[in-house]
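Structural features, examined
For reference, the chains in residue letters:
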Amino acid sequence: MSSDSSNTIESVLQEQRVFMPADEIANKASIGSLSEYKHLAELAKSDPDKFWGDAARKELHWFEPFNKVLDWSNPPFATWFQGGKMNLSYNCLDRHLNSSKADKEALIWEGEPGDVRRFTYRELYVEVCKTANALKAIGIKKGDLVALYMPMVPEAAIAMLACARIGAPHSVVFGGFSAEALRDRLIDGEAKAVITADGGFRKDKAVLLKPSVDSALEGNACPSVDSVIVVQRTNENVNMKSNRDYWWHELISPQSAECNAEPMESEDRLFVLYTSGSTGKPKGVVHTTAGYNLWTHLTFKWIFDIRDEDVYWCTADVGWITGHSYIIYGPLSNGATTVMYEGAPRPSNPGAFWELIQKHKISIFYTAPTAIRAFMKSGRTVPDQYDMTSLRLLGTVGEPINPEAWIWYKDVIGGGRCPIVDTWWQTETGGVMISPLPGATPTKPGSATLPLPGIEADVVDAEGKSVEAGEGGYLVVRRPWPGMMRTVHGNPQRFRESYWEYIKPVDGKHIYFAGDGARRDADGYFWVMGRVDDVINVSGHRLGTMEIESALVSHPAVSEAAVVGRPDELKGEAIVAFVTLESGRNFDNALINDLKVHVALEIGAIARPEEIKSSDALPKTRSGKIMRRILRALASGEEVSGDTSTLEDRTVLDKLRA
Ligand code: WTA
């Protein structure tokens, strides 16, 4: 990674600045000092069952109490809060209706063309109940998987909560994924229904979605799918297949506004969300009801220091875990006001984000470093035109943030007064794991600082031994936590091997590892260095090199492909592909373009390679393994250093250099 876009060892070790929590924040915060944080962390460590058990009883509503906090007798398969019954939709809606929150705004939604919809908790409750009844009416039962392939419209949030209400796990597929990618996920999850929209607005135009659903389902490719519900958003013409497709508004308006929340077992499946790993197809990460609810609830409360009057906005898409945990479930479980935005900054409106902050008096703002770097590049003129004095807290997520971007964010967006929470976590962890607490933790630009109470994070070597301060290693977690993923859908072996046994358990003690490298400084602060596996992080989006490689080799012109990440000032990493062609094929601009389009069609536009290079062979070891280290160096224009003696054919290197 380049020094200007990430935490290189040099920049990290040179970073000396420390920012203390402001009194104004600390005085009111739920965790208001470093000693309070340490006390909580100590309590959680010395008696985790009591710590989590007390939190679960205090923070959540239970239909039936649990009788065991954690069962870790069969690692890595954990059960949390056994015997308990609860419902996440109840915790996000019903329980607020008997309080002053009933008429508080739960959701403020802004469409890209500027249309606004607002829902109080009571209004959101009604919409969710009607939708839940509609799902039942088309035959969806507890345990049936419902896929969502949607733009950022309120119906996406409503549909997720409706699924949770009736106990139908959801599988949200990011609306930017292709029909192919959608089909794979529908088949893998055996989805019973798909909820989609005619389309959504993106960068000033209507982008269609329904045709991709039609194409994913074509020829009975997904036999489990019986029905498709279509939200009318853009009013474009779309095909509706009789006996399969229903308009959302027609299906939902006649439904009753009461629907009891299904009492769910703590470990009942809440959702599946697909994410890329280093090998094979994307994995369906499984999260379950109670642990996920507790983890998103607690982390949201701790990290965003939420107050009743706050207006909170997370810019993620609901198709990613950040959207699940911190647009919908965490905020609503806490009775907060959450903002959802359909659009994005674009040439016609580069100040779109700042305009929204000004308009809705947003006080807490959570976005990705890639966005901050893009804004930083175009300077402060645009943000300076807006009144952002409502802001009091800023967050980042998705990739390492470089100290320059951190400082810019604090000064220009936060007016110098807002603390920054750099939150490290993953789809697999359900919620944030390492982050400053705004009222307690002194921050250092570029560091996610300290693990949350109850999280035993560490940096270790390949044997699982802690490394010395300042040394690099694997970022791991030594104990289970409530929000942890429970398994890989349909593949428990993969869950075991890739996460909890990647580092061999010593004395039967399992350690969780999901692919990041990090170092800890002398104060115990974590500096996340990025992925150490074959996952590329493009603008905060995770992509497996394998997926892109298989997309490339599925093109008739390509015989072999290898994909690597190249440091990119704005996106963090950019995708560079090396291909060898079938004989008789010409590597010209037309083919390059064709290959890029092909990858976009197979996976989605986010996976489109930035650059494609061709050579008559790829650098391989004698055992046939592609040496990505060499390709990475070549892609970023660096000298190929280190041992190249294992190369099968040394002339390949010269040819590639040429
Ligand atoms: C990266 C997104 C550095 C990391 C919530 C992780 C980060 C991957 C940070 C997970 C951060 C996320 N600092 N790196 N604050 N937050 N990452 O599953 O590489 O889409 O493994 O979850 O993003 O991406 P995912």
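Calculation notes
- All chains use their own residue numbering, which begins from 1 and follows the written sequence.
- Predicted model: local features are reported for residues with pLDDT of at least 70 only, side-chain atom pairs are reported and counted for 80 or more only, and whole-chain, interface and lining totals are derived from all residues.
- To get the side-chain values, take all heavy atoms of the structure and skip hydrogens and water.
- The cutoff for a nearby residue is simple: one of its non-hydrogen atoms must lie within 4 Å of the molecule or strand.
- Here a polar contact means two N or O atoms within 3.5 Å. Within protein one must be a hydrogen donor candidate and the other an acceptor candidate, and residues neighboring in sequence count only if both atoms are side-chain atoms.
- Where accessible areas are quoted, they stem from the Shrake-Rupley method and a 1.4 Å probe; at the residue level, only the protein chains shown are allowed to cover.
- DSSP-based pairing: two strands are paired if at least 2 bridges between them are found.
- Strands here are runs of E lasting at least two residues and helices are runs of H or I lasting at least four, both read from the DSSP assignment and numbered beginning at the N terminus.
- In this analysis an axis means a line fitted to C-alpha atoms, helices contributing only their contacting stretch, and an angle means the value between N-to-C directions, from 0 to 180 degrees.
- Nonpolar cores are built from buried Ala, Val, Leu, Ile, Met, Phe, Trp, Tyr and Cys residues. Side-chain atoms within 4.5 Å join them into one set.
- Each residue's exposure class comes from its accessible area (1.4 Å probe, protein chains only) as a fraction of the maximum for that residue type: buried when under 20%, exposed when over 50%, partly exposed otherwise.
- Two residues form a contact once any of their heavy atoms are found within 4.5 Å.
- How sure the predictor is of each residue is captured by pLDDT, a score from 0 to 100.
- Salt bridge, as used here: a side-chain nitrogen of Lys or Arg that lies within 4 Å of a carboxyl oxygen of Asp or Glu.

1. Some thoughts on the site of the ligand
- Close contacts around the ligand come from 17 residues, with Asp422, Thr423, Thr427, Asp516 and Arg542 the closest.
- At a separation of 3.1 Å, a nitrogen atom of the ligand approaches a polar backbone atom of Gly398.
- Contact distances for the ligand include 2.7 Å between a nitrogen atom and a side-chain N or O atom of Asp422.
- The protein chains hide 96% of the 520 Å² of surface that the ligand would expose on its own.

2. Here we look at the sheet that holds strand E16 (residues 311–314)
- Strand order in this open sheet of seven strands is E5-E4-E17-E16-E18-E19-E20, and the pairing throughout is mixed. In this open sheet, the two strands that pair with only one neighbour each are strand E5 (116–120) and strand E20 (420–423). Adjacent strand axes in the sheet meet at a mean angle of 15°, parallel and antiparallel pairs treated alike.
- Two strands pair when backbone bridges link them, and E16 and strand E17 (residues 337–341) are joined in this way by three bridges, in the parallel orientation. Looking at E17, one finds that Tyr312 is bridged to Thr338.

3. What to know about the nonpolar core
- Counting residues in hydrophobic clusters, the biggest one holds 122 residues, and the most contacted among them are Phe81, Leu124 and Phe304.
- Contact partners of Leu124, with chain neighbours within four places excluded, come to Leu93, Ala106, Leu107, Phe119, Ile158, Leu161 and Leu332.
- Counting residues in each nonpolar core, the second largest holds 46 residues, with Leu182, Leu209, Leu581 and Ile592 among its members.

4. Overview of the confidence of the model for the protein chain
- Put simply, the protein chain has an average pLDDT of 95, and 98% of its residues get 70 or more.
- Every residue in residues 1–6 is under pLDDT 50, and counting partners more than four places away or in other chains gives 17 contacts.

5. A closer look at the environment of Val230
- Counting through the fold element by element, Val230 comes out in strand E11 (residues 227–231).
- Classification of Val230 by relative accessible area gives buried; the value is 0%.
- Residues Val230 and Ile434, spaced 204 residues apart in sequence, show a C-alpha to C-alpha distance of 39 Å.
- Excluding anything up to four places from it in sequence, Val230 contacts Thr196, Ala197, Asp198, Lys210, Met240, Tyr246, Trp247 and Trp248.

6. Things to note about the pattern of salt bridges
- Under the counting rule described, the total for this entry stands at 44 salt bridges.
- Among the salt bridges present, the one from Arg346 reaches Asp204, with a minimum N-O distance of 2.8 Å. With Arg346 in the loop between E17 and helix H13 (352–360) and Asp204 in the loop between strand E9 (199–202) and strand E10 (205–208), this pair connects stretches of sequence that are 142 residues apart.
- Under the relative-accessibility criterion, Asp204 is labelled partly exposed at 49%.
- Across the pair Lys620 and Glu560 runs a salt bridge whose closest N-O atoms are separated by 2.4 Å. Within this pair, whereas Lys620 is found in the loop between strand E30 (611–614) and helix H19 (628–635), its partner Glu560 is found in strand E28 (residues 558–568), the two being separated by 60 residues in sequence.
- Given a relative accessible area of 25%, Glu560 falls into the partly exposed group.
- Within this structure, Glu24, Asp305, Arg307, Asp310 and Arg392 form a network of salt bridges that share partners.

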